[in-house]
Amino acid sequence: MITRTRLAAGTCALLAALAAGLAFPAGAVAGEPTGEDAPKVDLVLDVSGSMRTRDIDGGTRMAAAKRAFNGVLDATPEEVELGIRTLGADYPGDDRRTGCEDTAQLYPVGPLDRTEAKTAVATLAPTGWTPIGPALLKAADDLDGGAGSKRIVLISDGEDTCAPLDPCEVAREIAAKGIGLTIDTLGLVPNAKMRQQLSCIAEATGGTYTSVEHTDELTEKVNQLVDRAADPVVTPVATRGADSCAKAPTLKSGLYTDRAEFGSPRWYRVDVAPGRELRASVSVGADRAVNPSHGVLLRAVTAHGREIVRGEAAGDGRTDVLSTGLRYPKAEDGSDEQPAEAVCLQVTHSFSVASGVKTTPGLPLELTVDVVDGPGDADDVASFGLGRGWWLLGVLVLVGFLAGLLWGWLSRWRFAVWRTN
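Computed from a predicted model, the values in this text were never measured in an experiment.

**With respect to a negative patch on the surface**
Moving on, step 1. On the surface, Asp57, Glu213, Asp216, Glu217 and Glu220 cluster together into a negatively charged patch.
Moving on, step 2. On the secondary structure map, glutamate 213 appears in the loop between β8 (209-212) and α8 (215-229).

**Some words on the state of the cysteines**
Moving on, step 1. Taken as a whole, this structure holds three disulfides when the rule is applied.
Moving on, step 2. Across the disulfide, cysteine 168 is cross-linked to cysteine 200 (sulfur-sulfur distance 1.6 Å). Measuring handedness by torsion sign, the sulfur bridge of cysteine 168 and cysteine 200 sits at about -45° and is left-handed. Of this pair, cysteine 168 sits in helix α6 (residues 167-176) while cysteine 200 sits in helix α7 (residues 192-204), and the two are 32 residues apart along the sequence.
Moving on, step 3. Residue classification places cysteine 168 among the buried residues on the basis of a relative accessible area of 4%.
Moving on, step 4. Taking relative accessible area as the criterion, cysteine 200 reaches 16% and is therefore assigned buried.

**Digging into the sheet that holds strand β14 (residues 307-315)**
Moving on, step 1. Strand order in the open sheet made by the four strands is β11-β16-β13-β14, with antiparallel pairing throughout. A single partner strand is all that each edge strand has here, and the edge strands are β11 (266-272) and β14. Within the sheet, the average angular offset between the axes of one strand and its neighbour, ignoring direction, is 15°.
Moving on, step 2. Both strand β13 (residues 294-302) and β14 contribute to a ladder of eight bridges, which runs antiparallel. Its bridge partner lying in β14, alanine 300 is registered against valine 309.

**Regarding the packing of α6 against α7**
Moving on, step 1. The N-to-C vectors of α6 and α7 enclose an angle of 5°; their axes lie 8 Å apart at closest approach. Judged by the angle between their axes, α6 and α7 are roughly parallel. Within the contact between the two elements, α6 uses Pro167, Cys168, Ala171, Arg172 and Ala175 and α7 uses Gln197, Cys200, Ile201 and Ala204.
Moving on, step 2. Among the residues forming the contact of α6 with α7, the class breakdown is seven nonpolar, one polar and one charged.

**Looking at the side chain of threonine 324**
Moving on, step 1. The residue threonine 324 is located in strand β15 (residues 321-329) in this model.
Moving on, step 2. Among the polar contacts listed, one links the side chain of threonine 324 to the backbone nitrogen of glutamate 312, at a separation of 2.9 Å.
Moving on, step 3. Once you skip the residues sitting within four places of it in the chain, threonine 324 turns out to touch Ala280, Ser281, Val282, Val296, Leu298, Gly311, Glu312 and Ala313.

**Regarding the environment of valine 372**
Moving on, step 1. Relative to the helices and strands, valine 372 is located in strand β17 (residues 363-373).
Moving on, step 2. With 93 residues separating them along the chain, valine 372 and arginine 279 place their C-alpha atoms 7.7 Å apart.
Moving on, step 3. Beyond its immediate sequence surroundings of up to four residues, valine 372 is in contact with Arg276, Glu277 and Arg279.

**Structural notes on the packing of helix α5 (residues 132-142) against α6**
Moving on, step 1. Contact pair α5 / α6: the axes reach a minimum separation of 8 Å and the direction vectors enclose 20°. The angle between α5 and α6 places the two elements in the roughly parallel class. Crossing of α5 against α6: the hand is right-handed. For the pair α5 and α6, the contacting residues are Ile132, Gly133, Leu136, Leu137 and Ala140 in the first and Pro167, Val170 and Ile174 in the second.
Moving on, step 2. Considering only residue class, the contact of α5 with α6 consists of seven nonpolar, one polar and no charged.

**So, the confidence of the model for the chain**
Fine structural detail should not be taken from predicted coordinates in areas where pLDDT scores are low.
Moving on, step 1. Mean pLDDT for the chain: 83, with 86% of residues reaching 70 or above.
Moving on, step 2. With pLDDT under 50 throughout, residues 1-28 is counted as low confidence; its partners more than four residues away or in other chains account for one contact.
Moving on, step 3. Note on residues 377-386: pLDDT under 50 across the span, and nine contacts to partners over four residues away in sequence or across chains.

**Observations regarding the pairing of β8**
Moving on, step 1. Two elements, strand β7 (residues 181-188) and β8, share four bridges in a ladder whose sense is parallel. When the bridges of β8 are listed, threonine 185 appears paired with tyrosine 209.
Moving on, step 2. With respect to chirality, the unit in which β7 leads through α7 into the neighbouring parallel β8 is right-handed.

What counts, and where the lines are drawn
- Residues numbered from 1 in each chain as written.
- Predicted model: local features only at pLDDT ≥ 70, side-chain atom pairs only at ≥ 80, totals over all residues.
- Heavy atoms only, no water.
- Patch = residues over 30% accessible without salt bridge, like charges linked within 9 Å, V, L, I, M, F, W, Y side chains within 5 Å.
- Areas by Shrake-Rupley, 256 points an atom, 1.4 Å probe, with all protein chains shown as cover.
- Salt bridge = Lys/Arg side-chain N within 4 Å of Asp/Glu carboxyl O.
- Lys, Arg positive; Asp, Glu negative; His and termini not counted.
- Charge placed at Lys NZ, Arg CZ, Asp CG, Glu CD.
- Helix = DSSP H or I, 4+ residues; strand = E, 2+ residues; numbered from the N terminus.
- Disulfide = S-S within 2.5 Å.
- Buried < 20%, exposed > 50% of the residue type's maximum accessible area, 1.4 Å probe, protein only.
- Pairing = 2+ DSSP bridges.
- Axes fitted to C-alpha atoms, helices over the stretch in contact; angles between N-to-C directions.
- Parallel < 35°, antiparallel > 145°, perpendicular 65-115°, else oblique.
- Contact = heavy atoms within 4.5 Å.
- Nonpolar A, V, L, I, M, F, W, Y, C, P; charged D, E, K, R; others polar.
- Polar contact = N/O pair within 3.5 Å; in protein donor to acceptor, adjacent residues only side chain to side chain.
- Left-handed = near helix turned anticlockwise from the far one by under 90°.
- pLDDT = per-residue confidence, 0-100.
- Right-handed = clockwise from strand over helix to strand, strands pointing away.

The following block contains the structure:
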């Protein structure tokens, strides 16, 4: 009977919520997925001469890439607009200038015709140079326009051969444009130098780097990245932090972007009601050359300047993004009219640049704010730092005590039997 009553109540509540949602459609929350534009993916494939090397599953790297692409094209979701760009596929000569311009769109970004795309891939043959930087710039143009997710998947077996156009700097320039484009990189049978370059490219845009030595691994990873592009897009909301807590803008739950000036903190304000918990995180990225040692600090303080909690992270130049976060539960005092508390968030970073590098605008900053229901039960709060583990520790102590008594009794009994015999 109780179960039936609960099910009936739950069903009524669900229908009421749906009716309310239809009658009063809510506006978009800051950072809410919109899903208006189709996700776009541009697969950028290295077709340089080194792809002839036979060291992947007994065949050439090019053959492995073709097999992987066929599998990816079969599994691409219908809603994803996919394109294929090549680098080093057409010019076999020794002229550096011509070789470093050798990048072309093999299949345009758009609705996928699987047969046509497979036919285009089948014609590829390892040929020339490795102009990764120019290919990334062109790929960013391929994906220009629209508010949906944009992802470049770069597959290469060697480092760029067209410096001084550094691919890592190119990736930073793409990230600084704020077009929401992510670059993921995959290295075929990588060496240390290639791994470092491809990792830098990925980290500059918040992407991932993966080393691959087998065809199945390549197919699986590219499929994962294409599927990830189909996930709902969260569009950050641009905001502007103040230079003091009193002037800070009030933010609601959502995802926000700003610019963190060098040597100057940014302040934001969040109202936290009693019984609620503030969860905030911040990421600061280096979109230009910075000195190796740096850090990021996120502080939550009261309106009167008293620090409540802080989160901090330090870096040594190996990554281009530093992130940290904090949590602050606002307790209830039993009063029915207890007002919400104004909590100020201060973001400070210690990035620095060498002489001659521009300091304006500030570094890109991404701030996530979430105000959720706070811990209500005693077992949700840590007991002497153990939380729910406190009960487990008590059980273990009791079991150990009983096991000791039993072992002692058995030992005495065996000793008594031995003396008797």
